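# Breakdown of the fold
The chain contents come next:
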Amino acid sequence: MFAPGSTLWLMRHELRLGWRGLTGRRGAGRGRFRSLWLMAILPAILLVGAGLPLSFALRGVQIPVVPIAAALVAVITLALFTLMLSQTLSAAVAALYERADLDLLFSSPLQPRRVLTVRFLAVAINVYALFGIISLPVVLPIAIMGHPAWLALEPVLFAIALTATGAGLMIAASLFRLIGPRRTRTIGQVLAAITGAAAFLMGQAYNILGRGKSNSIWAMMVQWTSSSDFTPPPGFDWPLRAMLGQPVPLLAVVGIGVGVFLLANQLLGARFAADAASAAGVGVGETRKARTGGRLRFSADAFHATLIKELRLIGRDPALISQVLLRVLYILPLGFVLLRQAGSGQSYALPGTAGALSLIAGQITGSLAWITISAEDAPDLLSCAPAPVRSLRRAKLAAAILPVGAPLLILLVPLTIMAPLAGVAATLGCAASMIMTALMNLWWQRPGKRAEFRRARQASWFVTLAEFFIGLIIAAATGLIAAGLFSWALIPAVLALVAVLLLSRSDAQIAQALRAAS
């Protein structure tokens, strides 16, 4: 069954690569805890904490097929499709740009159609895998305790994954045709980040809009679906009926997913292979163009040259842009909460939210600081450059802080106008937290490659814990300042300052540690 070149042989290879990407395993002994977490610990927690209690609570309960329930399931289905589409876009970009093995496979005795079909199907299975790991421990005990038809949720989830896979692959191929391979690589990753964040922002409607507006939206939806004038469109309740195990809607939903997937597979075909071949040549000739364009000039000093270099490298890395952009987008709900609290006069809630904002800003800056400082591709070239080392390091610190500080200004400026004390406290807290995490990554450098950022192998565990706990102390000081308790704020502020001073290193100590590490 698994003979070399067979469909199952190819599928096993694709699923093995997908599992390594999901668990972060790149070799023997690596990612073992994450694999155990996904395979045993997380399902066990979900089974005991959610599956078993819900199975007893829902033993005699029948979900009514009413408009409001159908509308709620439709919203959940849309959110799931959005999350899966985000993963599919990332997988499509990876298939085009990162793996670079389609030319090798197409030059082998394997049929190109079989290779593409297996790869597309593996994308759908990998997209479904995480949702299946989360949903199955919850649904299985409910099915055993009296609702066996609810197991239909799993084929519905897989149908959504098939639909998202077909849509994502067609979007990636369309972008490739419209804007070219180089821009598709960046736009595809950014679009994946924004699409994934959209589902998160939808779930944060309560925090963004506030209790009154979110409740009013829910009340309007209930009133709209309960009105006698409401006429649902055809198939409006089919997702709900499919999840409840009704045969015809279930077959229809699965049929739509399979149809979209097969349509994408048929339409793309050899075009996807041609796109992959074109993507393999991305970057060829760009150096010559840069040299002859006449628009690139040397900066007047080493600081500006290094700063521009680091920002340009960040802008050229699509995976880095998508991950950092996704994390920055997660700040938005918290920023909206701050602005809403300041606008409505909720001064009692501002200190805690300002402190949380400073903590998150510091964590995101820490990720970028590891990239700009430790993940230097040419450290020997910089070490022998005729420029002060401190100037180069300050430029790297600035390159880590600017991409996070610029979006924060959009939130902090109106916050300072509406609530001056809370705005000043949040600004000081964010600045202190970002500078602290950047300096920690400078003092305790862990040299590595930029590709490790995608596998979450960044700073050492010591630096990660130090950043987090010092960030908590700074967040406490930020909250106390926002509350007007200046005397009490001195205690965590001094503790944070002492901790940073104790962990600081001189240039000679940094150089000695780097020599020992190499």
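Scroll up to find the structure.
Residues numbered from 1 in each chain as written. Predicted model: local features only at pLDDT ≥ 70, side-chain atom pairs only at ≥ 80, totals over all residues. Heavy atoms only, no water.

Turning to the overall build of the chain, a few remarks are in order. When helices and strands are tallied, the chain shows 22 helices and 0 strands. The buried share of the chain, reckoned over its 518 residues, is 42%. Partitioning the intrachain contacts of the chain with sequence separation of at least 6 by distance along the chain shows that 79% fall at a separation of at least 24. Accessible surface, the chain as shown: approximately 26,800 Å² in total, 69% of it carbon and sulfur. (Helix = DSSP H or I, 4+ residues; strand = E, 2+ residues; numbered from the N terminus. Buried < 20%, exposed > 50% of the residue type's maximum accessible area, 1.4 Å probe, protein only. Contact = heavy atoms within 4.5 Å. Areas by Shrake-Rupley, 256 points an atom, 1.4 Å probe, with all protein chains shown as cover.)

Attention shifts here to the pattern of salt bridges. One pass over the structure, following the stated rule, counts 1 salt bridge. In this structure, the salt-bridge partner of Arg241 is Asp237, at a minimum N-O distance of 2.8 Å. (Salt bridge = Lys/Arg side-chain N within 4 Å of Asp/Glu carboxyl O.)

Once that is clear, we can look at the nonpolar core. Residues Met84, Trp150, Val156, Leu157 and Leu240 are the most contacted members of the largest nonpolar core, which totals 35 residues. Mapped onto this core, the elements with two or more residues apiece are α2 (32-57), α3 (67-98), α5 (112-144), α6 (153-179), α9 (238-243) and α10 (247-268). Those residues within four positions of Trp150 in sequence are excluded, and the remaining contacts are Leu58, Ile63, Val139, Ile142, Met243 and Leu244. Ala361, Ala369, Met434 and Val463 belong to the second largest nonpolar core, which has 33 residues in total. (Core = buried A, V, L, I, M, F, W, Y, C linked by side-chain atoms within 4.5 Å.)

At Ser135, α5 shows its largest bend, some 40 degrees, and a proline, Pro137, comes one to four positions later. Within two residues after α5, Gly146 carries a phi angle of roughly 135 degrees, on the positive side. (Bend = angle between axes of the 7 residues up to and from the residue.)

As for its position among the elements, Val500 is in helix α21 (residues 486-503). Assessed through its relative accessible area of 14%, Val500 is described here as buried. Residues Val500 and Thr437, spaced 63 residues apart in sequence, show a C-alpha to C-alpha distance of 9.7 Å. Aside from chain neighbours lying at most four places away, what touches Val500 is Met436, Trp443 and Ile470.

Ring pairs (aromatic) are described by centroid distance and by the angle formed between their planes. Summed over all chains, the structure comprises 2 aromatic pairs. Pairing Phe468 with Phe469 gives two aromatic rings, centres 5.6 Å apart and planes at 70 degrees, and the pair type is edge-to-face. Here Phe468 falls in the partly exposed class, since its relative accessible area comes to 36%. Assessed through its relative accessible area of 48%, Phe469 is described here as partly exposed. A cation over an aromatic ring shows up here: Arg505 above the ring of Trp444, its NZ or CZ 3.6 Å from the ring centre. (Phe/Tyr/Trp six-rings, centres within 6.5 Å; stacked < 30°, edge-to-face > 60°. Lys NZ or Arg CZ within 6 Å of the ring centre and 35° of its normal.)

All right, on to the packing of helix α16 (residues 350-374) against helix α19 (residues 420-443) then. Interhelical geometry of α16 versus α19 gives an angle of 25 degrees and a closest axis separation of 7 Å. Of the possible angle classes, the one that applies to α16 and α19 is roughly parallel. Classified by chirality, the crossing of α19 by α16 is right-handed. Each residue belonging to the contact of α16 with α19 can be placed in one class, and the counts come to 14 nonpolar, 9 polar and no charged. (Axes fitted to C-alpha atoms, helices over the stretch in contact; angles between N-to-C directions. Parallel < 35°, antiparallel > 145°, perpendicular 65-115°, else oblique. Left-handed = near helix turned anticlockwise from the far one by under 90°. Nonpolar A, V, L, I, M, F, W, Y, C, P; charged D, E, K, R; others polar.)

Let's shift gears to helix α18 (residues 389-418). For α18, which comprises 30 residues, the first-to-last C-alpha distance of 42 Å matches the rise-based estimate of 44 Å (1.5 Å per residue) to within 8%. By the largest-angle criterion, Leu402 marks the main kink of α18, which is about 35 degrees, and a proline, Pro403, follows within four residues. (Expected span 1.5 Å × (residues − 1).)

What follows deals with the environment of Met434. The topology assignment puts Met434 in helix α19. Sequence spacing of Met434 and Gly405 is 29 residues, and the spatial spacing of their C-alpha atoms is 8.4 Å. Residue contacts for Met434: discarding those within four places in its chain leaves Ala361, Gly362, Thr365, Ile401, Val404, Gly405 and Leu408.

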